[in-house]
Amino acid sequence: MSPHIPHALRTAAVGATAALALTSCGSESAGTDKAPAPQGVVSKATAKKVADRYEKVNNKANATQDEKLLATVEAGQVYAMDKAVYTLFDTWPKKDQKDYAKPFSYTDRTYVIPKKGTGDWFAVQAKSSANNDERVLLVFDKVDGTYKMVLSLWVAAEDIPKPALDKNGLAEAVAPDTKIGGLAPSGIGAAYADFLETGGKKKGKALTSTAPVENARKTYQRSSTEGAAEGKATEKFFAKSPADPSVYALRTADGGVALLPLAHKQESLLKESYRSNAALVPNDEQSALGATRGALITDTFEGQGLAELTPKAARLTNVDFQHVDAR
């Protein structure tokens, strides 16, 4: 993951959440020794070491687009997205390539650490030396015994939802299938994809109108009426299972905040009347991802999102997608 991915090449999406560092507090009962303070899934010191290692290895991998090296510190949804970034690197303008390969550091960090027993993941909120306008939330989960970064979302500082913290500064992780109001964090991805598939007529009804939701609705409306290839092809969207379905959610004062994977396919199909004398021609990005000339081109997109859930509303506030495959 890098903050240098140009916005014209990949829509940067934001999601972060504020947190407090761990403290060491306990309670005392009459006639007993002081009870031990609740522990987090990791200590602040360990979280810092994990983030430091990620920063160092990620910079080295980005410099040469070394996906095997990147796999030592990344996994899940974000790794699926960043592998595709490496594949597409040579299609970018030289200036964008140079900017992407520059090393960066995460500054002004705070840590979101759930209490032990609610999962193995934690998050780091930070600024980047290459991006002072937004903050990023990096989610680290234990994969095959090693902490790796699995989601990364960017957001303007004023839009960051705050998790509820106990007196020890620990957050409360929420099981992804736990309903908050009428929707569980694990159901948000399917509800969003419904806007691309149907304009939000089915599962999408559970989501409140937000900018990402309205953009998806407009995409459905445009594709349904205009199609592709100047009207010579149809264009349809279909939900798909994300590369990694893991959802990460925290309790907030009025509900919860969820960081989640998103994914869909886009199919462009030449209308039958044109198939005898025409073909769809992939652009440079589609060609780099494997597409060839033909009557059908199927593009696959992996993404991630940030959502806020309360008893009254489910708001998907930020999304970020990466084109990962074309056939």
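Just so you know, these numbers come straight off a predicted model, no measurement behind them. (Residues numbered from 1 in each chain as written. Predicted model: local features only at pLDDT ≥ 70, side-chain atom pairs only at ≥ 80, totals over all residues. Heavy atoms only, no water.)

Asker: Which residues make up the pattern of salt bridges, and what are the values?
Answerer: Following the criterion strictly, the structure yields 12 salt bridges and no others. Ionic pairing is found between Asp108 and Arg135, a salt bridge with its closest N-O pair at 2.9 Å. Linking Asp108 in strand β1 (residues 106-112) with Arg135 in strand β3 (residues 131-143), this pair joins segments that are 27 residues apart in sequence. Overall, Asp108 belongs to the partly exposed group, its relative accessible area being 48%. Measuring nitrogen to oxygen at the nearest pair gives 3.0 Å for the salt bridge that ties Arg217 to Glu214. A residue pair is termed a helical-turn pair when its members lie 3 or 4 positions apart in one helix, as Arg217 and Glu214 do in helix α6 (residues 211-226) at 3 residues. Judged by its relative accessible area of 26%, Arg217 is partly exposed. What makes Glu214 partly exposed here is its relative accessible area of 23%. In this structure, a network of salt bridges that share partners links the residues Lys48, Asp52, Glu55 and Arg109. (Salt bridge = Lys/Arg side-chain N within 4 Å of Asp/Glu carboxyl O. Helix = DSSP H or I, 4+ residues; strand = E, 2+ residues; numbered from the N terminus. Buried < 20%, exposed > 50% of the residue type's maximum accessible area, 1.4 Å probe, protein only.)

Asker: Lay out the side chain of Asp194 in plain terms, naming residues and giving numbers.
Answerer: Within the secondary structure layout, Asp194 lies in helix α5 (residues 188-198). The side chain of Asp194 is buried and forms no salt bridge, while Lys202, the nearest opposite charge, is found at 6.0 Å. At a separation of 3.4 Å, a polar atom in the side chain of Asp194 contacts the main-chain amide nitrogen of Lys201. Excluding anything up to four places from it in sequence, Asp194 contacts Gly199, Gly200, Lys201, Lys202, Lys203 and Gly204. (Lys, Arg positive; Asp, Glu negative; His and termini not counted. Polar contact = N/O pair within 3.5 Å; in protein donor to acceptor, adjacent residues only side chain to side chain. Contact = heavy atoms within 4.5 Å.)

Asker: Got a sec to walk through helix α4 (residues 94-101)? Specific residues and values, please.
Answerer: Regarding α4, the residues found buried are Asp96, Gln97 and Tyr100. All buried residues of α4 fall inside an arc of 105° around its axis, so they share one side. Facing away from the buried side of α4 by over 90 degrees, the exposed positions are Lys94, Lys95 and Lys98. Looking at the buried positions of α4, the neighbouring elements they touch are α1 (44-64) and α3 (76-88). (Arc of directions from axis to C-beta.)

Asker: Can you tell me about the pairing of strand β2 (residues 122-128), naming the residues and giving the values?
Answerer: Summarising burial for β2: 6 of the 7 residues are buried, a large majority. In terms of strand pairing, β2 meets β3 through 6 bridges, oriented antiparallel. Across the sheet, residue Phe122 finds its bridge partner in β3, namely Phe140. (Pairing = 2+ DSSP bridges.)

Asker: Describe unusual backbone geometry, with residues and values.
Answerer: Note: most residues except glycine have negative phi, and most peptide bonds are trans. One non-glycine residue, Gln65, lies in the positive phi region at around 55°. The phi angle at Asp144 is positive, at roughly 55°, despite the residue not being glycine. Inspection of the secondary structure assignment puts Asp144 in the loop between β3 and β4 (146-155).

Asker: Can you lay out the packing of aromatic side chains for me, pointing to particular residues and giving the numbers?
Answerer: In the structure shown here, the tally under the stated rule is 10 aromatic pairs. Here the aromatic rings of Trp92 and Tyr100 are separated by 5.4 Å at their centres, their planes lie at 85°, and the arrangement is edge-to-face. Neither residue differs from the other here; Trp92 and Tyr100 are each classed as buried. (Phe/Tyr/Trp six-rings, centres within 6.5 Å; stacked < 30°, edge-to-face > 60°.)

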